[in-house]
Amino acid sequence: MTENIKKLLSSPIFFEKNRVGRVYTGGALFADFFGDDSSDGYEPEEWVVSSVKAINKISKGEKEGVSLVKDTDIYFDELLTEYKKELLGDREEFGVLTKVLDSAIRLPVQAHPDKAFSREHFSSNYGKAESWIVLGCREDACLYFGFNKQYTEEQFKEAIAKSETDMESMERLLNRISVKPGDVYFVPAKLAHAIGKGCLILEIQEPSDFTIQPEYYCGEYRLSEEEMYIGLDEDTAIGVFDFSLYGEKAIESGRKTPKTVYNENGVKIEDLITYEDTPCFAVQRYILENAQTVLTSKPAVYVVTDGEGKVCCNGKEKEIKKGDYFFLPYSAEQTIINSEDGITFVACLPPKK
């Protein structure tokens with residue numbers, strides 16, 4: 001192990017920008033969040049500390065979706081393979097994918113597999129339970145969450161067929177929820193849902209890109225059968241939808257209220273998603289006002305969602321601000337974040353042991 005690698009593995013690890021192509025448009029809200037010149041286009045997702053390859057009909061390359069360590073030619077998946085113990089301790093895998101996404105249009109109605117479905121049909125141990133933290137909104141921003149009443153599989157298939165000419169036939173099946181910055185939702189596997197137009201979201205999920213979206217159009221883009229069903233036949237793919245998740249009960253089961261677990265000396269820590277919600281990951285939010293805190297959760301992904309401050313480790317300080325993110329390895333030395341003017345950041349934690 002070289003001296004440079006030793007330093008890398010004992011400190012917070014930062015990454016190059018990692019925009020991923022999708023068939024929906026968005027990205028303009030990245031300009032404020034990341035402080036760059038982003039505008040709406042077909043790269044509306046930033047994959048944060050990712051070892052997952054994107055499933056795209058037209059790919060930018062075999063590493064699309066995988067994060068590249070800043071100022072190196074080292075990809076995160078390769079780093080995990082070669083230095084697993086230093087990065088993860090006694091864990092076999094990190095088991096979390098974090099994204100920031102901005103939707104200029106409604107995404108297709110969709111659902112994601114649970115672990116059992118993924119093992120049977122995709123030879124993967126990961127489904128795609130996920131969570132949403134709303135970071136910003138355009139006018140009339142909304143989410144679609146769960147069916148609005150109980151439907152049969154046959155009624156669902158009829159709506160799919162109609163979506164070839166009626167672009168609202170699928171949308172009409174779901175609960176529409178107006179959202180605002182700070183809202184938090186847990187999205188279980190097999191729940192029918194769609195991110196509506198105008199949402200800047202921090203998404204924490206199982207590390208897969210498995211999405212069944214049985215709708216013919218995404219905006220003006222016509223989806224192919226491969227993009228709708230990712231290699232499955234229609235009947236098998238529709239089996240990923242749970243028709244028992246509907247009505248206000250579905251919304252209330254997913255809506256999460258932050259719970260304060262610590263609030264002293266200018267440091268407030270909130271549980272957003274807990275291991276009681278899902279064993280797949282946990283999410284905490286830190287709010288600092290003229291204070292500092294030691295980062296005790298590692299391995300973990302940290303994303304700055306507001307304000308600015310400094311991260312201190314190994315005798316070095318690095319300024320951080322809204323939109324910055326890093327991975328804190330298991331082997332990292334004591335790491336402190338401090339801020340005089342205020343900083344808010346989110347910790348994305350791996351699956352429960």
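Sequence positions are assigned chain by chain, starting from 1 and proceeding in written order. For this predicted model, a pLDDT threshold of at least 70 governs which residues receive local features, and a threshold of 80 or more governs which side-chain atom pairs are given and counted, while totals over whole chains, interfaces and linings are taken from all residues. Note that the side-chain values use all heavy atoms of the structure and ignore hydrogens as well as water.

1. So, the side chain of Ser163
Reasoning step 1: When you line up the elements, Ser163 lands in the loop between α6 (153-162) and β6 (174-178).
Reasoning step 2: Judged by its relative accessible area of 1%, Ser163 falls in the buried class.
Reasoning step 3: In what follows, a contact means two residues having at least one pair of non-hydrogen atoms within 4.5 Å. Beyond its immediate chain neighbours, meaning those up to four positions away, Ser163 contacts Ser169, Met170, Glu215, Tyr216 and Tyr217. By the criteria applied, helices consist of DSSP H or I runs no shorter than four residues and strands consist of E runs no shorter than two, each listed in order from the N terminus. Burial classes follow relative accessibility: with a 1.4 Å probe on protein chains only, a residue under 20% of its type's maximum area counts as buried, one over 50% as exposed, and anything between as partly exposed.

2. A few points about the sheet that holds strand β8 (residues 193-195)
Reasoning step 1: Strands were regarded as paired on the criterion that DSSP finds at least two bridges between them. One open sheet accounts for three strands, arranged β6-β5-β8; its pairing is antiparallel. This sheet does not close on itself; its edge strands, each paired only once, are β6 and β8. The mean angle between the axes of side-by-side strands here comes to 20°, regardless of whether they run parallel or antiparallel.
Reasoning step 2: Pairing of strand β5 (residues 142-147) with β8, which is carried by three bridges, proceeds in the antiparallel orientation. Residue pairing for β8: Tyr144 is matched across the bridge by Ala194.
Reasoning step 3: Orientation is described by axes fitted as lines to C-alpha atoms, over the contacting stretch for helices, and by angles from 0 to 180 degrees between their N-to-C directions. Across the sheet, helix α9 (residues 247-254) is in contact with β5 and β6; its angle to β5 comes to roughly 120°.

3. Some remarks on the sheet that holds strand β1 (residues 19-20)
Reasoning step 1: Pairing is antiparallel in the open sheet, where seven strands are placed in the order β1-β2-β3-β9-β4-β7-β12. If you trace the sheet from one side to the other, it starts and ends with β1 and β12 (255-256), each paired once.
Reasoning step 2: Bridge analysis of strand β7 (residues 184-187) against β12 gives two bridges, and the strand direction is antiparallel. Bridging from a neighbouring strand, Val184 pairs with Lys256 of β12.

4. Structural notes on unusual backbone geometry
Reasoning step 1: In this structure, Pro299 follows Lys298 across a cis peptide bond, with omega equal to 0°.
Reasoning step 2: Of note, Asp140 is a non-glycine position whose phi angle comes to about 60°, a positive value.
Reasoning step 3: Not every positive phi belongs to a glycine, and Ile230 is a case in point at roughly 35°.
Reasoning step 4: Relative to the assigned elements, Ile230 resides in the loop between α7 (225-229) and α8 (234-238).

5. Brief notes about the pairing of β5
Reasoning step 1: Counting buried positions along β5 gives six out of six residues, so the element sits mostly inside the fold.
Reasoning step 2: Pairing of β5 with β6, which is carried by four bridges, proceeds in the antiparallel orientation. Bridge pairing in β6 links Tyr144 to Arg176.

6. Section: the packing of aromatic side chains
The description of two aromatic rings rests on the distance between their centres and on the angle between their planes.
Reasoning step 1: Planes of paired rings set the category: under 30 degrees apart is stacked, over 60 is edge-to-face and the rest tilted, where pairs are Phe, Tyr or Trp rings (Trp by its six-membered ring) whose centres lie within 6.5 Å. Tallied over the full model, the rule gives 19 aromatic pairs.
Reasoning step 2: Relative to Phe76, the ring of Phe15 has its centre 5.5 Å away and its plane inclined at 85°; by these criteria the two rings are edge-to-face. Note that Phe15 is positioned in the loop between α1 (3-9) and β1 and Phe76 in helix α3 (residues 76-82), a separation of 61 residues in sequence.
Reasoning step 3: Sitting over the ring of Phe14, Lys318 keeps its end group 4.9 Å from the ring centre. By definition, being over a ring means that NZ of Lys or CZ of Arg is both within 6 Å of the ring centre and within 35 degrees of the ring normal.

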